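Given next are the chains, with one letter for each unit.
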Amino acid sequence: MSEPILKIENLTKVYSGGFKALDDVDLQITKGEIFALLGPNGAGKTTLIGAVCGLVRPTSGTIRAFGDDLSHNWRSARARIGLVPQELSTDMFETVRRAVSFSRGLFGCKSDPARIEDILKSLSLWDKRDEQIRKLSGGMKRRVLIAKALAHDPELLFLDEPTAGVDVELRRDMWRLIGNLRDQGVTVILTTHYIEEAEEMADRVGVIRDGKLLMVDDKTSMMARLGRTEAHISLSAPMGEIPPEISEFPVHLAKDGMELCYRGGDGTGLGSREVAELTKALTAHGIDYIGIEIRESSLEDIFVGLVEDRT
Ligand SMILES: Nc1ncnc2c1ncn2[C@@H]1O[C@H](COP(=O)(O)OP(=O)(O)OP(=O)(O)O)[C@@H](O)[C@H]1O
Ligand SMILES: [Mg+2]
């Protein structure tokens, strides 16, 4: 296999107050993949991105990008990296077009008005090209940050919560844009609280919490490993306790014995097969039910479950 585009080893960050924001993180990113970093507030996502982009100085560990150790060769690597920061931070009095052109120049790229025009058009910013950034809406400002990050045609792009607080339309635009970048071979690492975004976009997902990368897996395996089937069976008469005939199933009673709840499976279809077995057993033992509701956990449920398990 070719060398990963990004290779992080034993990365630890202790902030000056003594707070450990990253704790021995290992992560490899393959060229061309879309990787989603999921984690609650304060998990260390922005710190991790900052360490790769040269905004946060690691306490220990190594980061290699494009095969180079960043502690030796930071500048040349940085020129190949784009960052859409979480916080709005740009010169508000500048016009959209000048700000984006300036970002391109910052990394030593030759001025290319046609390229800037393409980028602004792809983000529906062309009509606003001569507006001052401060006069744009919040969502439009965020588009400008994206345009700035793309201005020097980065090979590795970080998007730190690109869709936090934006409307559905911009979120769809973002997904489309990321799809286009993938087609062009750009590697994308995004952080998000919207797990549907990871589900929609990412090839692999990493879950981070308290500075520790708890797990990294491709999206489908993550679902298979942790997916859970939930079934709520409404009984026609209340049940005092679980009868021995069905006690080997992972079930419990709810709603004063009117509901039999099943929770099991591994996300591979085992759960729904087991629910089918359970209903057969109920019928065989003369236990009458009037309805069944089955639900497969989403990545969102899995994530919440995972975080709760560790606390
Ligand atoms: N400059 C700093 N000095 C001290 N502590 C910091 C600093 N920056 C971040 N932290 C702390 O490090 C932890 C991780 O912060 P970070 O911004 O990386 O989290 P995050 O996962 O990006 O969170 P969010 O989802 O809220 O953006 C937090 O507890 C934060 O308070
Ligand atoms: Mg953050």
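Residues numbered from 1 in each chain as written. Chains lettered and ligands numbered in written order. Predicted model: local features only at pLDDT ≥ 70, side-chain atom pairs only at ≥ 80, totals over all residues. Heavy atoms only, no water.

**So, the overall build of the protein chain**
When its secondary structure is counted, the protein chain shows 10 helices and 14 strands. With respect to the three principal axes, the spread of C-alpha positions in the protein chain is 80 × 45 × 40 Å. Per-residue burial over the protein chain gives 46% buried out of 311 residues. Across the protein chain, contacts joining residues at least 24 apart in sequence account for 68% of those joining residues at least 6 apart. In the protein chain, 40 positive and 49 negative side-chain charges are present, and the distance between their average locations comes to 9 Å. (Helix = DSSP H or I, 4+ residues; strand = E, 2+ residues; numbered from the N terminus. Buried < 20%, exposed > 50% of the residue type's maximum accessible area, 1.4 Å probe, protein only. Contact = heavy atoms within 4.5 Å. Lys, Arg positive; Asp, Glu negative; His and termini not counted. Charge placed at Lys NZ, Arg CZ, Asp CG, Glu CD.)

**A closer look at the site of ligand 1**
Around ligand 1, a shell composed of 14 residues is seen, among which Gly42, Lys45, Thr46, Thr47 and Gln86 lie nearest. Gly44 has a polar backbone atom sitting 2.9 Å from an oxygen atom of ligand 1. In this structure, an oxygen atom belonging to ligand 1 sits 2.7 Å away from a side-chain N or O atom of Thr46. The fraction of the free accessible surface of ligand 1 (630 Å²) that becomes covered by protein chains is 64%. In terms of residue count, the dominant contributor to the shell around ligand 1 is helix 1 (residues 45–53) (3 residues). For the shell around ligand 1, a count of residues per class yields 5 nonpolar, 7 polar and 2 charged. (Near = heavy atom within 4 Å. Polar contact = N/O pair within 3.5 Å; in protein donor to acceptor, adjacent residues only side chain to side chain. Areas by Shrake-Rupley, 256 points an atom, 1.4 Å probe, with all protein chains shown as cover. Nonpolar A, V, L, I, M, F, W, Y, C, P; charged D, E, K, R; others polar.)

**Let's talk about the sheet that holds strand 14 (residues 289–296)**
Ordered in space as 12-13-11-14, the 4 strands form an open sheet in which the pairing is antiparallel. The open sheet terminates on both sides in strands that have one partner only, identified here as strand 12 (251–254) and strand 14. Averaged over all pairs of adjacent strands, the angle between strand axes in this sheet comes to 20°, irrespective of strand direction. Sheet topology places strand 11 (residues 229–235) next to strand 14; 7 bridges connect them, and they run antiparallel. The residue of strand 14 that forms the bridge with Leu235 is Tyr289. (Pairing = 2+ DSSP bridges. Axes fitted to C-alpha atoms, helices over the stretch in contact; angles between N-to-C directions.)

**Brief notes about the packing of helix 3 (residues 96–106) against helix 5 (residues 138–150)**
Contact geometry of helix 3 with helix 5 gives a least axis separation of 7 Å together with a crossing angle of 30°. As judged from the angle between their axes, helix 3 and helix 5 are roughly parallel. By crossing handedness, the relation of helix 3 to helix 5 is classed as right-handed. When helix 3 is examined against helix 5, the residues Val96, Ala99, Val100 and Ser103 are found in contact with a partner set consisting of Val144, Ala147 and Lys148. Residue composition of the contact of helix 3 with helix 5, grouped by class: 5 nonpolar, 1 polar and 1 charged. (Parallel < 35°, antiparallel > 145°, perpendicular 65-115°, else oblique. Left-handed = near helix turned anticlockwise from the far one by under 90°.)

**Here we look at the confidence of the model for the protein chain**
When pLDDT is averaged along the protein chain, the result is 88; 91% of the residues meet or exceed 70. The secondary-structure element of the protein chain with the lowest mean pLDDT is helix 10 (residues 299–310), recorded at 62, while strand 1 (residues 6–14) shows the highest, at 98. (pLDDT = per-residue confidence, 0-100.)

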